[in-house]
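Observations on the three-dimensional arrangement
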Amino acid sequence: MRWFHVDRFEVLEKNKYARAVKCSTLGEDHLQDHFEGFPIVPSALIIESMAQTAGVLAGFTYDFAKNVILAKVEKAEFPIMVRPGDKMVIEAWIDEIKPEGCWTHSRITVDGRVAAAASIIFVHLEDALPESFVFTDTLLGLLKTSGVI
Amino acid sequence: MPTREEIFQKVTDVMVDALGVDPDQVTMDAALVRDLGAESIDFLDIVFRLEKAFNIKIPREELFPENLAADPRFVKDGVLTADGLAALKNRLRFAETAEFEKEPKVSAIADLFTVGLIVRYLETKVA
């Protein structure tokens, strides 16, 4: 992961469940023109938050020994808009995990209301890669700082 | 034991969910890539959904073997040699290869992965 759209991981249960938070702020550049005078978090970035949470969960299940790559997003829904100042609580569950891939579903709530939901599939690249370009030292440091690993 | 028609119906549901196609597009002869627009990741997803739908385990590469023409001895000028064709038929036991054998181009191998191949494979798994 080269950048983060998650602020903090709160729960990381191997092969099962993860919970993270992301706080939206008007200081983020993309909210200046999405949309001008009416800032809302783009749906693509909301998916990114769910993908990062679920992807880290998948990676943790294999002790970060595999590179986990987002492959497919299905049935994404965005019932309400996410606005500056909102705190997104991102939850992810593993439906199935195998050496070659992982099937997950995720949900984001803001103040207890569902703001987004999606099913996301990841593939696991072969272990032959010399080093992880997904789970970088920076990311692992974030997880340690969060106290979840 | 489910009938071929029952298996086909479940496979159709899987294709509709995995590939976002209309049920009418799913026929026994439909090739996953050419006719239904499947991409590489979809093969993994289809296997997962078939396992759930039929409550079975599908070992890796059993239904969708990979690298069917990777051995340079099996290919000459973009066409499978006799040995290459024999090796392919051995690994793709549920494919209908009669037409393909007339001109076994490597570029046409993907067309052998049809809905019918999946149905015939599943008939042996759920028997």
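What you see is a predicted model, and the numbers here were worked out from it, not measured in a lab.

1. Quick look at helix H2 (residues 40–54) of chain B
Taking 1.5 Å per residue as the helical rise, H2(B) with its 15 residues ought to reach 21 Å, and the 22 Å between its terminal C-alpha atoms agrees with that figure. All of the buried residues in H2(B) are Asp42(B), Leu44(B), Asp45(B), Ile46(B), Val47(B), Phe48(B) and Leu50(B). Those residues of H2(B) that are buried are in contact with strand S3 (67–77), strand S4 (87–98), strand S5 (101–110) and strand S6 (113–125) of chain A together with helix H1 (4–19) of chain B. Two residues or fewer after H2(B) comes Asn55(B), characterised by a positive phi angle close to 55°.

2. Examining the packing of H1(B) against helix H5 (residues 115–125) of chain B
All names here are of chain B. The interhelical angle for the contact between H1 and H5, taken along N-to-C directions, is 125°, at an axis separation of 10 Å. Judged by the angle between their axes, H1 and H5 are oblique. The crossing of H1 and H5 is right-handed. For the pair H1 and H5, contact is made by Arg 4, Ile 7, Phe 8, Val 11 and Met 15 and by Val 115, Ile 118, Val 119, Leu 122 and Glu 123, respectively. Considered class by class, the residues forming the contact of H1 with H5 number 8 nonpolar, no polar and 2 charged.

3. Some details on the environment of Glu123(B)
Residues and elements named next belong to chain B. On the secondary structure map, Glu 123 appears in helix H5. The class for Glu 123 is partly exposed, based on 15 C-beta atoms found within 10 Å. Counting along the chain gives 121 residues from Glu 123 to Pro 2, while the straight-line C-alpha distance between them is 8.1 Å. Ignoring anything within four residues of it in the chain, the contact list for Glu 123 reads Arg 4 and Ile 7.

4. Comments concerning unusual backbone geometry
Residue and element names in this part refer to chain A. Residue Phe 35 is bonded to the preceding His 34 through a cis peptide linkage, with omega at 0°. Secondary-structure assignment places Phe 35 in the loop between strand S2 (17–23) and helix H1 (43–61). In this structure, Asn 15 is a non-glycine residue whose phi angle is positive, near 65°. Relative to the assigned elements, Asn 15 resides in the loop between strand S1 (8–13) and S2.

5. What to know about H1(A)
When the terminal C-alpha atoms of H1(A) are compared, their 27 Å separation across 19 residues agrees well with the 27 Å that a helix rising 1.5 Å per residue should span. Among the 19 residues in H1(A), 16 count as buried, and that is most of the element.

6. A look at the packing of H1(B) against H2(B)
Residues and elements named next belong to chain B. Running from N to C, H1 and H2 cross one another at 140°; their axes reach a closest spacing of 10 Å. Judged by the inter-axis angle, H1 sits oblique to H2. Helix-helix and strand crossings are classified by hand; for H1 and H2 the assignment is right-handed. Residues Lys 10, Asp 13, Val 14, Asp 17, Ala 18 and Leu 19 of H1 touch H2, and the partners they reach there are Asp 42, Asp 45, Ile 46, Arg 49, Leu 50, Ala 53 and Phe 54. Here the contact of H1 with H2 is composed, by residue class, of 7 nonpolar, no polar and 6 charged.

7. With respect to the interface of chain A and chain B
Listed as interface residues are 8 residues of chain A and, on the opposing side, 5 residues of chain B. If you list the elements that add at least two residues to the side of chain A that touches chain B, you get S3, S5 and S6 of chain A. Taken together, the residues of the side of chain A that touches chain B break down into 4 nonpolar, 1 polar and 3 charged.

Parameters at a glance
Residues numbered from 1 in each chain as written. Chains lettered and ligands numbered in written order. Predicted model: local features only at pLDDT ≥ 70, side-chain atom pairs only at ≥ 80, totals over all residues. Helix = DSSP H or I, 4+ residues; strand = E, 2+ residues; numbered from the N terminus. Expected span 1.5 Å × (residues − 1). Buried ≥ 20, exposed ≤ 12 C-beta atoms within 10 Å, placed from the backbone. Contact = placed C-beta atoms within 7 Å. Axes fitted to C-alpha atoms, helices over the stretch in contact; angles between N-to-C directions. Parallel < 35°, antiparallel > 145°, perpendicular 65-115°, else oblique. Left-handed = near helix turned anticlockwise from the far one by under 90°. Nonpolar A, V, L, I, M, F, W, Y, C, P; charged D, E, K, R; others polar.

In short, shape yes, function no, at least from these values alone.
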